[in-house]
Amino acid sequence: MSPSKLDSTDSFGHEEASVSCSKPENGCVDSLSIFHSEKAVEELLQQTPVAGMDEHLIEFSEALRTVAKALRRAAEGKASAQAEAAEWKRRYELERTRNIQMERKARMAEQFSAEKNGDIDCERVKNSDNQSMLQNESNEYSETGCMKHGIWSHEVLRDRESDSNSNADRNKIMRKASFKLSWWCNGENGDQHKHDIVSFERGNITTAERSSKQISLKWESDPQTVLILTKPNSVSVRILCVQMVRWLRERKKLNVYVEPRVKVELVAESSNFSYVQTWKDDSEISHLHMKVDLVITLGGDGTVLWAASMFKGPVPPIVPFSLGSLGFMTPFHSEHFKDCLDSVLRGPISITLRHRLLCRVVRDAAKNEYETEEPFLVLNEVTIDRGISSYLTNLECYCDNSFVTCVQGDGLILSTTSGSTAYSLAAGGSMVHPQVPGILFTPICPHSLSFRPLILPEHVTVRIMVPFNSRSPAWASFDGKDRKLLAAGDALLCSMAPWPVPTACQVDSTNDFLRSIHDGLHWNLRKTQSFDGPRDRDL
Ligand SMILES: NC(=O)c1ccc[n+]([C@@H]2O[C@H](COP(=O)([O-])OP(=O)(O)OC[C@H]3O[C@@H](n4cnc5c(N)ncnc54)[C@H](O)[C@@H]3O)[C@@H](O)[C@H]2O)c1
Ligand SMILES: Nc1ncnc2c1ncn2[C@@H]1O[C@H](COP(=O)(O)OP(=O)(O)OP(=O)(O)O)[C@@H](O)[C@H]1O
């Protein structure tokens, strides 16, 4: 995206336009001041006794008049371009709202007719694959009082695959289990959903609640469907998967989904596993969140990243079992899988709501920043680096359109707080509790003595641009995968995604985080100083 395009995008709204134009150092021309200067030239010319002047002065005054006119025309042109841009933006937003409403109506009509036909036995029908719908509906719920004590998940969905399944049980309607999330702090599990309240009483600003609290998940109805995701090519994972599927089906009477590769492995093991469900093509993965109550991962952190990447919208709670070497995000031990799953299925459980970043690539040729390629959701980080190029990466960084800095080095990591213990840590970033919302801005080998990592608030949009004078393109990778070339003029936009990844805790979010940095990284491990030796006796 060229700098001139950035300007026009930034000044979409009237307000922003007037602000940017009032700053001469931004290279903008203030139309009001042009009008005044043109008027001043006119007045000057009228006041001056032209008859007594030499030709140079007349030529000069004519030139001044021409310049003032040209400036006025330029300002008028810019103003009309801004007005046009604002009008297009207004139309775009109108169209978008209309589409969302139509989509919503269509869904409700579909669900209503299904309900009328007796297909769905439900009191409250909800669909959650659209965030704006989620928000609208949660508002409705709060109006009807359902949201009083927490966040509820009431999904009543029909299993579309049930028709193709011969088992009579499977022909019944599958209800997605509902659960409630509540926030508690100071070790006390209150049943209230506590909001952060800023109070201005008697002129004093105080906050009633702190924002980072332990989050507890309580099932309102029993989970029925479990998806197991496994690390490939591991014998121990394969053995555990067989045992777990059997136990979940025979003891817990649950529906089990696995990836197609795993289904083949299971059926090769025993034809009894034919009840295990899977999907035929990848397009079905986008509906998984509507069928699955719980996701179990068997592997390391990479398998948790893999699980998160399968859900491009809302993510069901994930129970991560550790069968890798490090396991920052995998607190459950496979030896005790039955006890662990028993307590998770019974609930309530503590969960960590892990924030994700929404990353969009905007090409230089794009007309505006809405014209992007398919976005990526990352649980750890997006990395913009020099790839195979031996030149220094040159990246211009903006935060909500304010210039941050120019990175000159091997690259930059934009990380979630969950990812703070991964690549960002290796590049010198701070370790941050995963429940803290924020975006870590960590350079990779900056060629500067004074570059320190930053942590930005959760609400900002970070824009990383490859400038036109860059000697080489850059590469973006998402949770260490899917590399994308960023040519000169291309940009990467990154903001907090609306769909976090809920992962079950062994104890609670804080305890699990501290355990992982102690056990996984041996953080601040040092022999304790001996008692005997010199002391400060006089203090
Ligand atoms: N120099 C580095 O430290 C470096 C370089 C490249 C990638 N990575 C990390 O690897 C991740 C991809 O993981 P993978 O398992 O698919 O690849 P992988 O198999 O190469 O494993 C990378 C290592 O990072 C660990 N890891 C992953 N997420 C973590 C987290 N949130 N906290 C602590 N450790 C974590 C894993 O346990 C593993 O040991 C990327 O998202 C990136 O963060 C790190
Ligand atoms: N279900 C899956 N399908 C395809 N690839 C997967 C799947 N699960 C994990 N992977 C990939 O396999 C790789 C290794 O996975 P993972 O990190 O879980 O194991 P590990 O390396 O043994 O554990 P650790 O990272 O703790 O050392 C990762 O790159 C991950 O993306």
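Read on for an overview of the structure. (Residues numbered from 1 in each chain as written. Chains lettered and ligands numbered in written order. Predicted model: local features only at pLDDT ≥ 70, side-chain atom pairs only at ≥ 80, totals over all residues. Heavy atoms only, no water.)

**A look at the environment of Val276**
Thinking step 1. Relative to the helices and strands, Val276 resides in the loop between helix 8 (260–269) and strand 8 (294–299).
Thinking step 2. Residue class for Val276 comes out buried when judged on its relative accessible area of 2%.
Thinking step 3. As for Val276 and Thr393, which are separated by 117 residues in sequence, their C-alpha atoms are 48 Å apart.
Thinking step 4. When residues no more than four places from it in sequence are discounted, the contact partners of Val276 are Val245, Val256, Val258, Lys263 and Leu266. (Helix = DSSP H or I, 4+ residues; strand = E, 2+ residues; numbered from the N terminus. Buried < 20%, exposed > 50% of the residue type's maximum accessible area, 1.4 Å probe, protein only. Contact = heavy atoms within 4.5 Å.)

**Remarks on unusual backbone geometry**
Thinking step 1. At the junction of Gly347 and Pro348, the peptide bond is cis and its omega measures out at -10 degrees in the coordinates.
Thinking step 2. Positive phi, normally seen in glycine, also occurs at Lys253, with a value near 55 degrees.
Thinking step 3. Backbone geometry at Asp482 places phi at a positive 50 degrees, although glycine is not the residue there.
Thinking step 4. Counting through the fold element by element, Asp482 comes out in strand 21 (residues 481–486).

**Brief notes about the pattern of salt bridges**
Once the charged atoms of two side chains with opposite charge are near each other, the side chains can pair.
Thinking step 1. All chains considered together, the criterion is met by nine salt bridges.
Thinking step 2. Across the salt bridge formed by Arg261 and Glu265, the nearest N and O atoms sit 3.9 Å from each other. Of the two residues, Arg261 and Glu265 are both situated in helix 8; the distance of four residues between them amounts to about one turn of the helix.
Thinking step 3. You can call Arg261 partly exposed: its relative accessible area is 32%.
Thinking step 4. A residue is classified by how much of its surface remains accessible, and Glu265, at 22% relative accessible area, is partly exposed.
Thinking step 5. Here Asp385 makes a salt bridge to Arg483, at a shortest N to O gap of 2.6 Å. Of this pair, Asp385 sits in strand 14 (residues 381–385) while Arg483 sits in strand 21, and the two are 98 residues apart along the sequence.
Thinking step 6. Where salt bridges share partners, they join Arg363, Glu373, Lys484 and Asp490 into one cluster. (Salt bridge = Lys/Arg side-chain N within 4 Å of Asp/Glu carboxyl O.)

**Section: the site of ligand 1**
Thinking step 1. Residues in contact with ligand 1 amount to 16 residues; listed here are only the nearest, Asp301, Asn380, Glu381, Ser418 and Thr421.
Thinking step 2. Note that a nitrogen atom of ligand 1 is positioned 2.9 Å from one of the side-chain N or O atoms of Asn380.
Thinking step 3. Glu381 places a side-chain nitrogen or oxygen 2.4 Å from an oxygen atom of ligand 1.
Thinking step 4. Burial of ligand 1 by the protein chains amounts to 63% of its free accessible area of 790 Å².
Thinking step 5. Looking at the shell around ligand 1, the elements that each hand over two or more residues are helix 9 (301–310) and helix 11 (423–426).
Thinking step 6. If one sorts the elements of the shell around ligand 1 by residue count, helix 9 sits on top with three residues.
Thinking step 7. Looking at side-chain class alone, the shell around ligand 1 contains seven nonpolar, five polar and four charged residues.
Thinking step 8. When residues of the shell around ligand 1 are assigned to domains, at least three map to each of domain 2 (120–185 + 211–354) and domain 3 (357–499). (Near = heavy atom within 4 Å. Polar contact = N/O pair within 3.5 Å; in protein donor to acceptor, adjacent residues only side chain to side chain. Areas by Shrake-Rupley, 256 points an atom, 1.4 Å probe, with all protein chains shown as cover. Nonpolar A, V, L, I, M, F, W, Y, C, P; charged D, E, K, R; others polar. Domains from an automatic or database assignment.)

**As for the site of ligand 2**
Thinking step 1. In the vicinity of ligand 2, 16 residues are found, and the nearest of them are Lys231, Glu259, Gly300, Thr303 and Ser325.
Thinking step 2. The backbone of Gly300 places a nitrogen or oxygen atom 2.6 Å from an oxygen atom of ligand 2.
Thinking step 3. Between Gly302 and ligand 2, the recorded distance is 3.0 Å, taken from a backbone N or O atom to an oxygen atom.
Thinking step 4. Ranked by residues supplied to the shell around ligand 2, first place goes to helix 9 with four residues.
Thinking step 5. Per-class residue counts for the shell around ligand 2 are three nonpolar, eight polar and five charged.

**So, the environment of Ile296**
Thinking step 1. Among the secondary structure elements, Ile296 is positioned in strand 8.
Thinking step 2. On a C-alpha basis, the gap between Ile296 and Phe321 in space is 7.3 Å, while along the polypeptide they are 25 residues apart.
Thinking step 3. With sequence-adjacent residues up to four places away left out, Ile296 is seen in contact with Val226, Leu227, Ile228, Leu229, Met244, Leu248, Val319, Phe321 and Leu341.

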